[in-house]
Amino acid sequence: MTKKYGKANQKSWKSILNTREQMTKTKDEEQEKIIDHSLKQEEPKVEEAEAKLEEMLPDNQEIPELTEIEAENNEYEKITIATQGLLSEAEPEEERKAAEGEDQKTIITADMKIIGDLEGCADLEFHGKITGNIITEGYVNMDGKIDGSIQALALRLNGGVVHGDILCEKTIEILPGSEVVGNLQAEIVTVNGHIRGDLYCGQMLTLLDHSVVEGNITTESISVYEGALVEGKLSMEKK
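Okay, so let's go over this structure. (Residues numbered from 1 in each chain as written. Predicted model: local features only at pLDDT ≥ 70, side-chain atom pairs only at ≥ 80, totals over all residues. Heavy atoms only, no water.)

## Quick word on the overall build of the protein chain
Test applied: The numbering of helices and of strands both runs from the N terminus, where a helix is a DSSP run of H or I of at least 4 residues and a strand a run of E of at least 2. Contacts are assigned to residue pairs with any non-hydrogen atoms lying within 4.5 Å of each other. Here the accessible surface of atoms and residues is derived via Shrake-Rupley with a 1.4 Å probe, and residues count as covered only by protein chains that are part of the display.
Counting secondary structure elements, the protein chain contains two helices and 19 strands. When contacts within the protein chain are restricted to residue pairs at least 6 apart in sequence, long-range pairs at least 24 apart make up 1% of them. Here the protein chain has roughly 17,400 Å² of accessible surface; of this, 52% comes from carbon and sulfur atoms.

As structure tokens, this is what we get:
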């Protein structure tokens, strides 16, 4: 026999489901409140830790690792800027030298013969022969022969022959095998060849072991190596 319930004691499936949903919703809300409460409790702890860290560090203290990295970056930037500055300055200087001929050199080969004066502003490398004068604002390096005088910024005579006077603003070098028949004048003179003429040196004269000077010498200071030969009068002058 089946027991029947009255209407007052009967519950529909719909009411049962509603009751379960309300219970689940209430449970979720309680869990959210618990989580939110725990998070709110953690916030003061984080703020407290940050405050303690700031108290431990002195004012304006920088982290060493970051300071070293920033210093390296600053140094790299300085080098880069300096390099760019040098390059930018070098370009106009190269253009200026090219325009004025300072970076050019005139070469006279051994098979060339010149009759007449040779004038210019560039450095000169001379291996040929010339009957005439050489006049230049640059350096002269020669092993050729010249019947005439030389006026230059500096001269290096490497086995060449000069029949004429030599006047240089800076230096004169007379190397072994070289011969000069004429007078010489420069601030610094080094002789290791044969000179037949007077020699005037504004600062320093050096006579090496193969030097022969047949003429009078006037200089501020002199250095004579063993083997050097001088036939003439020596005068010392102070500026």
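## A word on the side chain of T136
Spelled out, the test is: Here the term buried applies to any residue with accessible area under 20% of the maximum for its type, exposed to any over 50%, and partly exposed to those in between, with areas from a 1.4 Å probe on protein chains only. Polar contact criterion, stated in full: a pair of N or O atoms within 3.5 Å, where within protein one must be able to donate a hydrogen and the other to accept it, and residues adjacent in sequence count only if both atoms are side-chain atoms.
Examined against the element boundaries, T136 turns out to sit in strand β6 (residues 134–136). Given the relative accessible area of 9%, T136 is considered buried. A polar atom in the side chain of T136 sits 3.2 Å from the backbone nitrogen of G138. Each residue touching T136, except ones within four places of it in the same chain, is listed here: G120, C121, A122, Q151, A152 and L153.

## Remarks on the nonpolar core
We apply this condition: Here, nonpolar core means buried Ala, Val, Leu, Ile, Met, Phe, Trp, Tyr and Cys residues that are tied together by side-chain atoms lying within 4.5 Å of each other.
Grouped together as the largest cluster of nonpolar side chains are 30 residues, with contacts concentrated most on M142, I150, I166, I172, V191 and L199. Looking at this core, the elements with two or more residues in it are β4 (123–126), β7 (139–142), β9 (150–157), β11 (166–174), β13 (184–191) and β15 (199–207).

## Points about the side chain of T219
Here T219 is to be found in strand β17 (residues 217–224). Engagement of the side chain of T219 in a polar contact is seen with the backbone oxygen of S221, the distance being 2.8 Å. Not counting residues up to four positions away in its chain, the partners in contact with T219 are C201, Q203, M204, L205, L234, S235, M236 and E237.

## Observations regarding the sheet that holds strand β10 (residues 161–163)
Defined as follows: Paired strands, in this sense, are two strands between which DSSP finds at least two bridges. To obtain each axis, a line is fitted to C-alpha atoms, and for helices this fit is confined to the stretch in contact; angles are then taken between N-to-C directions over 0 to 180 degrees.
Strand order in this open sheet of eight strands is β2-β5-β8-β10-β12-β14-β16-β18, and the pairing throughout is parallel. Edge positions in the sheet fall to β2 (113–115) and β18 (229–231), since each of these pairs with one other strand and no more. In this sheet, neighbouring strand axes are inclined to one another by 5° on average, regardless of whether the strands run parallel or antiparallel. The pairing of strand β16 (residues 212–214) with β18 spans three bridges and is parallel. In the strand pairing of β18, E214 is matched with E231.

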